[in-house]
Amino acid sequence: MTQPAMTQPAMTAPLFVFVHGWGFGPGVWDGVRNALPDGESVAVDLGFYGSPSLPELPAGRPTVAVGHSFGALWLLHERPFAWDGLVLVNGFPRFTEGAGFAPATPRRVLDRMIARFDAAPEAVTADFRRRCGCEAPPPEGLDATRLGEALRALRDWDARDALTGPALALAGAQDPIVPPAMTEQMFRGHSVPRPSGERVAPKAPGEGVLGEPDDQALRNPLTLTLSPEGRGNRGYHGVSVKWHPEAGHLLPLTAPGWCAERIAAFAAGFSR
């Protein structure tokens, strides 16, 4: 008698949750989201040019969080939802120099930028976007309060201890904001991640990062006030680093297909 074939359970493709960086909006991810071969995606809006929004995520779905630049730091610091894997695109767990974290951006550079921003937010935002390689002016509806507090978070936040799960870093060898030397040093000494299959949990109420006091405004993402060529694709203690030899700081805009291909390959291990 012929035995019935075993029925394999249907695989559940991961849900991708995208978070944009400072001075930009969720539209920065449109090309990457359209190029992804499988899986649904949603985009968080940090509210720099309108109302902030964090889409409700389905329970029990494998999730891959993807942050560009400040968006990666925001994910690590705020941990607004659980994820199975994290992708940092031109991203970092800390931006400014400090003890055990160099080379990176000197704190005085952010101090000067904050002082200029407080006087002329539109001009400083436009200048930053140009430095990133985007000549388009900022969208209408610029929220100087939210951008200003995010700029202070960029200067002050340190979320290195939160980078504990499986992670992929996509970097540009020509990045003027996060230079290759900064990317290499930030992941080279990184601690061993937790095993694949164990989710990174959302931040619990009252839980700070690196011993800092918790702040409800910072924990709640909807009420944030705010609260290369020659370089191999290698991993540092579990963080896999992939280099685009010609790209700068706007990988989602300048190399969306390249990003999507590597994000999808990384996410394939989380289908269930």
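Residues numbered from 1 in each chain as written. Predicted model: local features only at pLDDT ≥ 70, side-chain atom pairs only at ≥ 80, totals over all residues. Heavy atoms only, no water.

Q: Account for the overall build of the chain, with residues named and values stated.
A: The secondary structure content of the chain amounts to nine helices and seven strands. Counting across all 272 residues of the chain, residues that qualify as buried make up 50%. Accessible area of the chain: about 11900 Å², with a carbon and sulfur share of 52%. (Helix = DSSP H or I, 4+ residues; strand = E, 2+ residues; numbered from the N terminus. Buried < 20%, exposed > 50% of the residue type's maximum accessible area, 1.4 Å probe, protein only. Areas by Shrake-Rupley, 256 points an atom, 1.4 Å probe, with all protein chains shown as cover.)

Q: Break down the packing of helix α3 (residues 107–119) against helix α4 (residues 121–132) for me, with residues and values.
A: Axes are the key here: two packed helices are described by the angle between their axes and the distance separating the axes. One way to put it is that α3 packs onto α4 with a least axis distance of 5 Å and a crossing angle of 130°. Here α4 runs oblique to α3, going by the angle between their axes. Along its contact with α3, which presents Met113, Arg116, Phe117 and Ala119, the element α4 presents Pro121, Val124, Thr125 and Phe128. Of the residues belonging to the contact of α3 with α4, the class tally is six nonpolar, one polar and one charged. (Axes fitted to C-alpha atoms, helices over the stretch in contact; angles between N-to-C directions. Parallel < 35°, antiparallel > 145°, perpendicular 65-115°, else oblique. Contact = heavy atoms within 4.5 Å. Nonpolar A, V, L, I, M, F, W, Y, C, P; charged D, E, K, R; others polar.)

Q: If you had to explain the confidence of the model for the chain to someone new, which residues and values would you point to?
A: Model confidence for the chain is summarised by a mean pLDDT of 83, while 77% of its residues fall at 70 or above. Predicted confidence is poor over residues 1–10, with pLDDT under 50, and the contacts of this stretch with residues over four places away or in other chains come to one contact. Confidence drops under pLDDT 50 across residues 191–197; counting only partners more than four residues distant or on other chains, this segment forms 14 contacts. (pLDDT = per-residue confidence, 0-100.)

Q: Account for the pairing of strand β2 (residues 41–44), with residues named and values stated.
A: Across four bridges, the pairing between strand β1 (residues 15–19) and β2 is parallel. By the bridge assignment for β2, Val19 is matched with Val44. Following the chain from β1 across helix α1 (residues 30–35) to the adjacent parallel β2, one finds a crossover that is right-handed. (Pairing = 2+ DSSP bridges. Right-handed = clockwise from strand over helix to strand, strands pointing away.)

Q: If you had to explain the pattern of salt bridges to someone new, which residues and values would you point to?
A: Tallied over the full model, the rule gives eight salt bridges. Close ionic contact of Asp158 with Arg160 constitutes a salt bridge, the shortest N to O distance being 2.7 Å. Here the salt bridges share partners, and the residues they tie into one network are Arg107, Asp111, Arg155 and Asp156. (Salt bridge = Lys/Arg side-chain N within 4 Å of Asp/Glu carboxyl O.)

Q: Quick rundown of the environment of Val44? Include the residues and the values.
A: With respect to the helices and strands, Val44 occurs in strand β2. Separated by 11 residues in the primary sequence, Val44 and Pro55 place their C-alpha atoms 6.7 Å from one another. Excluding its chain neighbours within four sequence positions, the residues that come into contact with Val44 are Val17, Phe18, Val19, His20, Pro26, Ser53, Leu54, Pro55 and Trp74.

Q: Got a sec to walk through the packing of aromatic side chains? Specific residues and values, please.
A: Scanning all chains against the criterion turns up eight aromatic pairs. Judged by centre distance (5.9 Å) and plane angle (20°), the rings of Phe70 and Trp157 are stacked. Here Trp157 lies in the loop between α5 (144–156) and β5 (167–172) and Phe70 lies in helix α2 (residues 70–78), a separation of 87 residues in the sequence. For the residue pair Phe70 and Trp157, the accessibility class agrees, reading buried in each case. Taken together through their ring pairs, the aromatic side chains of Phe16, Phe18 and Trp29 make up a single cluster. In this structure, Arg129 packs its charged tip against the face of Phe24, placed 4.6 Å from the ring centre. (Phe/Tyr/Trp six-rings, centres within 6.5 Å; stacked < 30°, edge-to-face > 60°. Lys NZ or Arg CZ within 6 Å of the ring centre and 35° of its normal.)

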